[in-house]
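Structural overview
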Amino acid sequence: MPARVSEAFVLQTYPLKESDLIVSFFTRDAGKLRGVAKRARRQKNGFGSGLERLSQVRMAYFERENRELVNLDSCDLVQSQFGVLSDYAAGISLDYLAEISEQILPAHEPNDKFFRLITSVLEHIRAGSPGAVWRGVTYFTLWAVKLAGMLPELHVCLSCGVSLDEEGERAFFRRGAHGLMCMDCKRTLSGRDAWELSRESRTLASQILRLPVGALDAAWTRETAADLRRFLQQQIESHIERRLLTVSVLEAA
Ligand SMILES: [Zn+2]
């Protein structure tokens, strides 16, 4: 079978045998794939620095009939993310983007919107304006959850149906519970930790769903919409039934 060439982002790599790597990569035209890169851990190989996480590459590979793993042939680097590595938080944000993509993207399902999401968020983080990491990761988290079909209704209490947009209504969430709840339902269902999703963060969420990442208000810090990220991270963790490893590192950056 001839080599196929796909535009792709490298998500994760794992060592295999003495000198090989298993590479998980997200292609524009064929979705998330896994392949074996032979001799990729030797000095001379056909991959260069293209297998760093979130490198944007043109990946050449052979598909094998009835095999889950493809054979990677070589790759051309289109865009590396080396430029951001001098900034600690930006470096961690790459791990975070890669982990969420790896965990929520199903194999073999093309998702052009998700591909464009990664592209635009990485561009934004690379440009490096103040607050870019926090705008980038928050924008990415909300859209990743939405594109994966996991985003609950953000305007009503999912327990009693009351509108959370009414003046003075507060919104809460708990680990393991889908969506948001009102103050009354939070009281009734007490006994476990609940966090508030502030009105400011709910307003930012609607902006994120309407605007490109570069059009968000500039004055973002780590604290901006941290409650929204926590809410979304918990929604992802309930869905994948495990904890995201990069969250605590990112939120402490
Ligand atoms: Zn309620």
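Residues numbered from 1 in each chain as written. Predicted model: local features only at pLDDT ≥ 70, side-chain atom pairs only at ≥ 80, totals over all residues. Heavy atoms only, no water.

Of all hydrophobic cores here, the largest spans 58 residues; its most connected members are L97 and F140. Elements represented by at least two residues in this core include exactly β1 (4-16), α1 (88-104), α2 (112-127), α3 (132-147), β6 (171-173), α5 (199-210), α6 (226-240) and α7 (247-251). Leaving out residues up to four positions away in the same chain, F140 has contacts with L97, I100, S101, F114, L117, I118 and V121. Judged by nonpolar contacts, the second largest core, of 17 residues, contains F25, F47, V57 and M59. (Core = buried A, V, L, I, M, F, W, Y, C linked by side-chain atoms within 4.5 Å. Buried < 20%, exposed > 50% of the residue type's maximum accessible area, 1.4 Å probe, protein only. Helix = DSSP H or I, 4+ residues; strand = E, 2+ residues; numbered from the N terminus. Contact = heavy atoms within 4.5 Å.)

In the first shell of the zinc ion, the protein supplies C157 (SG), C160 (SG), C182 (SG) and C185 (SG), at 2.3 Å from the metal. Within one chain, the residues serving as donors to the zinc ion are arranged as C-x2-C-x21-C-x2-C. Taken individually, C182 and C185 each receive the classification buried, so the pair is uniform in this respect. (Donors = N, O, S within 2.8 Å, 3.2 Å for Na, K, Ca; no water.)

In contact at an axis separation of 9 Å, α2 and α3 are set at 175° when each is read in the N-to-C sense. When the axes of α2 and α3 are compared, the pair comes out roughly antiparallel. Residues K113, F114, L117, I118, V121, H124 and I125 of α2 lie in contact with α3, whose contacting residues are A132, V133, R135, G136, Y139, F140, W143, A144 and L147. For the contact of α2 with α3, a count of residues per class yields 12 nonpolar, 2 polar and 2 charged. (Axes fitted to C-alpha atoms, helices over the stretch in contact; angles between N-to-C directions. Parallel < 35°, antiparallel > 145°, perpendicular 65-115°, else oblique. Nonpolar A, V, L, I, M, F, W, Y, C, P; charged D, E, K, R; others polar.)

What follows covers the pattern of salt bridges. If charged atoms from side chains of opposite charge come close, those side chains can pair. In this structure the tally under the stated criterion is 14 salt bridges. Among the ionic pairs, K38 bridges to D20, the shortest N-O distance being 3.9 Å. Of this pair, K38 sits in the loop between β3 (31-37) and β4 (56-62) while D20 sits in strand β2 (residues 20-27), placing them 18 residues apart in sequence. One salt bridge connects E102 with R34, and the closest N-O pair in it is separated by 2.9 Å. One end of the pair, E102, is in helix α1; the other, R34, is in strand β3, and 68 residues separate them in sequence. Classification of R34 as partly exposed rests on a relative accessible area of 33%. (Salt bridge = Lys/Arg side-chain N within 4 Å of Asp/Glu carboxyl O.)

A word on the sheet that holds strand β5 (residues 70-79). What the 5 strands build is a closed barrel, ordered β1-β2-β3-β5-β4; its pairing is mixed. Ignoring strand direction, the axes of neighbouring strands in this sheet form an average angle of 45°. With 8 bridges connecting them, β1 and β2 associate as antiparallel partners. Residue pairing across strands places L16 opposite D20, the latter belonging to β2. Sheet strands touched by α1: β1, β2 and β3. Its angle to β1, the strand with the most contacts, is close to 100°. (Pairing = 2+ DSSP bridges.)

Any link to function would need more than the numbers given here.
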